[in-house]
Every structure is written in structure tokens, then in C-alpha cells.
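# Structural overview
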Amino acid sequence: QFLRELGHEVTGRSASRPPSLRDPADVYHSHHFGIAAYYLALAGAQPLVFTSHNPFLVSDFPVPESRLEHALQRLVLRVADTVVALSGREADVLAERFGVARERFVVIPNGLDLSLYGPGAPRAGDGVEVLAVGQLAEYKGHRFLLEALAALAPCHPGLSLRLVAHQHGLRAEL
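Notes on the structure follow. What you see is a predicted model, and the numbers here were worked out from it, not measured in a lab.

## Structural notes on helix H2 (residues 35–43)
Ala37, Tyr38, Leu40 and Ala41 are the residues of H2 that are buried. Around the axis of H2, the buried residues are gathered within 165° of arc, so they sit on the same side. Of the exposed residues in H2, those oriented more than 90 degrees away from the buried face are Ile35 and Leu42. Turning to H2, the residues buried within the fold contact strand E1 (28–30), strand E2 (48–51) and helix H3 (67–79).

Shown next as C-alpha cells:
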């Protein structure tokens, strides 16, 4: 929306319908490893900007990966005109993992304008509420949060947890 308001034409594409290079674009930007990124890299789309958004690649969480998938991911990182990392650590880890020069990365952190937010209205009671926002997925570590809260609860009456999620894979288990 922001780019449209500035007068730019923005066309979204889906991996279910790969982009046509016959309809040239000013910039091709793929936000995830997958068929669209691989297609753009193999087809020679230029200029190509890539952002991985994959927490598994920069974590210690074990992720099975085929040699083909690793090779395609490396190709994307090598042929992209710019690779966007969300942190310096992500850039360092991806560069080392895929043998890509660190200089190919630009860091644009996720963020928000904190001046738009402030403390909420005072709440009744003396309890503390912990808010956790994110997918209910094993790698997010909600189990550790629940274990920590259970250990703290006897010393902190009124301690509560609010979970906000759009994917509920572990809801029943947690």
C-alpha cells in the first residue's frame, strides 16, 4: 500500500503462478526460498532482491535439507542483486552456511515505530500478564515459557499468560 501511495505500481505474484519475465518488472523481490525464488534465479530475473524470512536457517533447530534444496538456496543467494537480511547475525550465518560473500547482504531489521505505542490503561489487580505472540509451533519454544510460568506461579499470585497466534498446531498439546 505504501509504495502505491507513492505512485509506484506493485504487482503481487504467487508461487502457484510464477511470474512471467515477458512482463518486465522494475524489481523482482522474492520473500522466501521456494519455487518462486528458484524460478526467478534460474530464469535470470533482474534486478532480483531476496529476503529469506526463514528462522530455521539461522537457528540451532534441526531442519532436514536435501542437497538439491541447499544448492538452489545457494544459487538464489549468489545470483540475487541484493540479499536482505533482517539482522547482522542472519547475514553472517547465511553467508557462512551457503558460501556467499557477506558483502552481498544488506541488513534491514524488522521493526516498528515505538512512538506509536505506550502503556495501556492501568489494570485492576496486582497480577502480571505475560503476552506471547507467534505461531504455536514447536520451534517457538512455548513449552519452555509454560514451564517457566509454572515455576514462577507459586511466588507470583495473579500471574497469567495470554497467547495470540494465527497457527494453532500445538494448541491441544500445550
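## Points about the packing of H2 against H3
Remark: H2 packs on H3, axes separated minimally by 9 Å, with the N-to-C direction vectors making an angle of 60°. Classed by the angle they form, the pair H2 and H3 counts as oblique. Like other packed secondary-structure pairs, H2 and H3 cross with a definite hand, here left-handed. Across the interface between the two elements, Ala37, Tyr38, Ala41 and Leu42 from H2 touch Glu69, Leu72, Gln73, Leu75, Val76 and Val79 from H3. Within the contact of H2 with H3, the residues separate by chemical class into 8 nonpolar, 1 polar and 1 charged.

## Concerning the environment of Arg78
Mapped onto the elements of the fold, Arg78 is located in helix H3. Separated by 17 residues in sequence, Arg78 and Ala95 place their C-alpha atoms 9.8 Å apart. The contacts of Arg78, once residues within four sequence positions are left out, are Phe98, Gly99, Val100 and Arg104. In this structure the side chain of Arg78 is engaged in a polar contact, spanning 2.8 Å, whose partner is the backbone oxygen of Gly99.

## Remarks on the pairing of E2
In summary, the side chains of a regular strand alternate between the two faces of the sheet. Neither face of E2 is exposed, since Leu48 and Phe50 on one face and Val49 and Thr51 on the opposite face are all buried. Sheet topology note: the E1/E2 ladder contains 3 bridges and is parallel. Counted as the bridge partner of His29 is Val49 from E2. You can see the chain leave E1, run along H2 and come back into E2, and the turn it takes is right-handed. Where E2 lies against strand E3 (residues 82–85), 3 bridges are found, and the strand directions are parallel. Following the sheet pairing, Phe50 is matched in E3 by Val83.

## What to know about the packing of aromatic side chains
Enumeration according to the criterion identifies 2 aromatic pairs in this entry. A ring pair is formed by Phe33 and Phe98, whose centres lie 6.1 Å apart and whose planes are at 45°; its orientation type is tilted. Here Phe33, found in the loop between E1 and H2, pairs with Phe98, found in helix H4 (residues 88–98); they are 65 residues apart in sequence, far enough to count as distant. When sorted by exposure, Phe33 lands in the same class as Phe98, which is buried. Members of the aromatic cluster, joined through ring pairs, are Phe33, Phe50 and Phe98.

## What to know about the sheet that holds E3
Reading across from one edge, E1-E2-E3-E4 is the order of the 4 strands in this open sheet, with parallel pairing throughout. Of all the strands in the sheet, the pair left with one neighbour each is E1 and strand E4 (105–107). Neighbour-to-neighbour, the strand axes of the sheet open up by a mean angle of 25°, direction not taken into account. Of the strands in this sheet, E1 and E2 touch H2, which is tilted by about 145° from E1. Packed onto the sheet, H4 meets E3 and E4 and runs at close to 165° relative to E4.

The rules behind the values
Residues numbered from 1 in each chain as written. Predicted model: local features only at pLDDT ≥ 70, side-chain atom pairs only at ≥ 80, totals over all residues. Heavy atoms only, no water. Buried < 20%, exposed > 50% of the residue type's maximum accessible area, 1.4 Å probe, protein only. Helix = DSSP H or I, 4+ residues; strand = E, 2+ residues; numbered from the N terminus. Arc of directions from axis to C-beta. Contact = heavy atoms within 4.5 Å. Axes fitted to C-alpha atoms, helices over the stretch in contact; angles between N-to-C directions. Parallel < 35°, antiparallel > 145°, perpendicular 65-115°, else oblique. Left-handed = near helix turned anticlockwise from the far one by under 90°. Nonpolar A, V, L, I, M, F, W, Y, C, P; charged D, E, K, R; others polar. Polar contact = N/O pair within 3.5 Å; in protein donor to acceptor, adjacent residues only side chain to side chain. Pairing = 2+ DSSP bridges. Right-handed = clockwise from strand over helix to strand, strands pointing away. Phe/Tyr/Trp six-rings, centres within 6.5 Å; stacked < 30°, edge-to-face > 60°.

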